[in-house]
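# Architecture at a glance
As a plain string of letters, each chain reads:
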Amino acid sequence: MTSVASKCRPSGTTLSRLGLGMLLLLWVLMAVWYVQTARHQNSVLNLSATAGGQYPYLVYASGLARNGQAPYLGDRNRMPLLPAMLSVFHDDDWETFVERAAWFSIVLSVLILIGIGGLAYASLPAWSATAFTIVAMSTVFIYKASFVQVELLYYGLLLVSWVLLCRVILRPSIAWAAAAGATLGLTFLAKASGAATLSAFLAASVVHLVLIIRPRRVTGENPADGTGGRGTDVLLSTVVVVFVSAAIAYPYLNHNRTRFGRYFYNVNSTFFMWCDSWSEAKAFADTYQISDRYPTDAPPERIPSPGNYWRRHSTQQIAQRAWNGLCALGHLAWHGPYAKYLLVVVVFCGAIGLKHHRQLRSIPLEGWIAALFCAMFFGGYLASYAWYAQIAYGDRFLISLFLPALFGAFWLCHRFDRPTRSARSLGRNFSGLSSLAIGITAAAVAEGVGVASKASVEPSETFIQFYYNESLELQRAGNLSEARRGFAGVVRLDPSVTAAHLNLGMIALAFGEFEEAVTSLSQAARLQPDDAEIQNSLGSALIQAGRVHEAIAAFRRATEASPTFAMAWYNLGGSYYQAGMTTEAESVRRRLETLDLSLAAQLAQLLSQ
């Protein structure tokens, strides 16, 4: 096998001029659609730094730009590759930086699509490569195009790493091994879970070496028969993959050792995945500040670890967690926009594989080792994602396997498929799989122009909830300016989110902007008129805005909604006093004595002045 393309591309798949013209026109139209949809997404969904979970990456990039890589390498939750790229576009004006980062994300997503598309066209016949790339574009990339997230970068790097490692297994080569190692190192720096790919490759390589060397020991074969050379090639290629990937990742790993006392340290894989829930993981992180140091002050039995988890849980509980996670992943895949395409190609692959099952007998050892690597790759990631589903639920992990799975399914189809009839208008030889690829391309284009165009710019309930939660975290951390932008974005997307209006009002109160506070809190009160807390907050804003009688009405509504709400009674009494309604204020004081003596005493002191 001289190249990936020569091994997997069937003969006679060259496009005619008409077919090539159709393909070029299709790509021009899809490129225009993608960029325009991404721009629209940026303007209607990406409303602040807390939208889409991008704020931590922006802060990370800002820290790198201001402090340099050595003193600032992040929180050991997110990896440094994307923030390092973003730091190039840093600006001291935060809003300018956020806007630049969004446009960088769009451009980066286009470049990644070009990269994986080029890989597909180098490895698959034209229509299959087209189907693969357009499916990736319309079911994965368009939904994340304008957001500063690492997922798209990771998906692209993981796919390329997987393909190159398969190439190294099928035909060991120092040059391909160096390319695979470099891509694998970058994949790890994009997302720490990329290290699992290297583990699967190493395991497959060990099996490969054992199966090559063992016959020589048993039968006494002569190294001149080629087995010795094959073993050397496998060993050298494996060493090169490990060395190059380790060299690229070493600065980060060495900083881990210096700062945390160990080369491999990531809060997710080290601690979080051994907790039973996100609340447990977050409580541990907040208590021991694990992003800054290893928790040496924590009792050993309280540190989440495989050993502690095994001791606290029965075998049945562990199996149940794994099963629940797999069911959750299956539910996500079934309802996702991408799974149907993979299912169609896999079914077709299975059908033609059964038809040509005799070809399985001619698969060389390298082919079986590649299959073993793929089984460990997909199986290992699925198992870890299923386990982690109890901590973080979502399909962003699962999608990372979609592109390799779809690529591999197309590749296997073409290993079995043979052209069956001629179609000069599209190509010199036209096969059943070509028909399938064109059908998938048409479906993916239709989905992109129709469903994806709409869904990628319409906020889902999950998106809004996550957007709100990110803004709430910043409010609790004291970053009121950014939290305010976040809540403002939430209410633009969904004006019915009462809590966002309430928090906007409270932040305006903290800034002394009383009329703005009244506006936001009035909207929250209209949405939930019987909420005593909201009415009490609105009354406080009205008092500070000098609108005493309106404040009295708000405080009265609060006490009517919750007759035992002592603070609302206190505020009502104070408002009566400020309005010169002393009789009413005294009546409130007497009522308050039955609820809270301390507040009653404070109100009595106010009335005596």
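All of these numbers come straight from a predicted model, not from anything done at the bench.

### Brief notes about the nonpolar core
Residues Phe141, Trp162 and Phe373 are the most contacted members of the largest nonpolar core, which totals 148 residues. In contact with Trp162, not counting residues within four places along its chain, are Phe373, Cys374, Phe377, Phe378, Pro404, Phe407 and Gly408.

### Comments concerning the packing of aromatic side chains
Evaluation of the coordinates by the stated rule reveals 32 aromatic pairs. For the pair Phe188 and Tyr252, a centre-to-centre distance of 6.3 Å together with 75 degrees between the ring planes defines the contact as edge-to-face. Note that Phe188 is positioned in helix α8 (residues 174–190) and Tyr252 in helix α10 (residues 227–260), a separation of 64 residues in sequence. Take Phe188 and Tyr252: they sit in the same class, and that class is buried. Relative to Tyr294, the ring of Tyr265 lies with its centre 6.1 Å away and its plane at 65 degrees, an arrangement referred to as edge-to-face. One end of the pair, Tyr265, is in the loop between α10 and α11 (267–270); the other, Tyr294, is in the loop between α12 (278–288) and α13 (306–312), with 29 residues separating them in the sequence. Neither Tyr265 nor Tyr294 differs from the other in exposure class; each is buried. Joined through ring pairs, the aromatic side chains of Phe132, Trp162, Phe201, Phe373, Phe377, Phe378, Tyr381, Tyr385, Tyr388, Phe397 and Phe407 make up one cluster. Lying over the aromatic face of Trp387, Arg321 brings its terminal NZ or CZ to 4.1 Å of the ring centre.

### As for unusual backbone geometry
Located in the positive-phi region is Gln289, a residue other than glycine, with phi close to 50 degrees. Tracing the backbone shows Gln289 in the loop between α12 and α13.

### Section: the pattern of salt bridges
Working definition: two side chains of opposite charge can pair if their charged atoms are close together. Applying the stated criterion across every chain, the model contains 19 salt bridges. In this structure, Glu151 and Lys191 form a salt bridge, with 3.5 Å as the shortest nitrogen-oxygen distance. On the criterion of sequence distance, the pair formed by Glu151 in helix α7 (residues 151–170) and Lys191 in the loop between α8 and α9 (195–219) is long-range, its members being 40 residues apart. Note on accessibility: Glu151 and Lys191 belong to one class, buried. One salt bridge connects Arg590 with Glu586, and the closest N-O pair in it is separated by 3.8 Å. In this pair, Arg590 and Glu586 both sit in helix α26 (residues 582–593), four residues apart, roughly one turn of the helix.

### Points about the confidence of the model for the protein
On average, residues of the protein score 88 in pLDDT, and 91% of them are at 70 or above. Under a pLDDT of 50 for its full length, residues 419–430 has, in the predicted model, 30 contacts with residues more than four places off or in other chains.

### Digging into the packing of helix α23 (residues 532–544) against helix α24 (residues 548–561)
Interhelical geometry of α23 versus α24 gives an angle of 165 degrees and a closest axis separation of 8 Å. The orientation of α23 relative to α24 falls into the category roughly antiparallel. Seen from above, α23 lies across α24 with left-handed handedness. Where α23 abuts α24, its residues Ala532, Gln535, Asn536, Leu538, Gly539, Ser540, Leu542 and Ile543 lie against Val548, Glu550, Ala551, Ala554, Phe555, Arg557, Ala558 and Ala561. In terms of residue class, the contact of α23 with α24 is built from ten nonpolar, four polar and two charged.

Calculation criteria
Residues numbered from 1 in each chain as written. Predicted model: local features only at pLDDT ≥ 70, side-chain atom pairs only at ≥ 80, totals over all residues. Heavy atoms only, no water. Core = buried A, V, L, I, M, F, W, Y, C linked by side-chain atoms within 4.5 Å. Buried < 20%, exposed > 50% of the residue type's maximum accessible area, 1.4 Å probe, protein only. Contact = heavy atoms within 4.5 Å. Phe/Tyr/Trp six-rings, centres within 6.5 Å; stacked < 30°, edge-to-face > 60°. Helix = DSSP H or I, 4+ residues; strand = E, 2+ residues; numbered from the N terminus. Lys NZ or Arg CZ within 6 Å of the ring centre and 35° of its normal. Salt bridge = Lys/Arg side-chain N within 4 Å of Asp/Glu carboxyl O. pLDDT = per-residue confidence, 0-100. Axes fitted to C-alpha atoms, helices over the stretch in contact; angles between N-to-C directions. Parallel < 35°, antiparallel > 145°, perpendicular 65-115°, else oblique. Left-handed = near helix turned anticlockwise from the far one by under 90°. Nonpolar A, V, L, I, M, F, W, Y, C, P; charged D, E, K, R; others polar.

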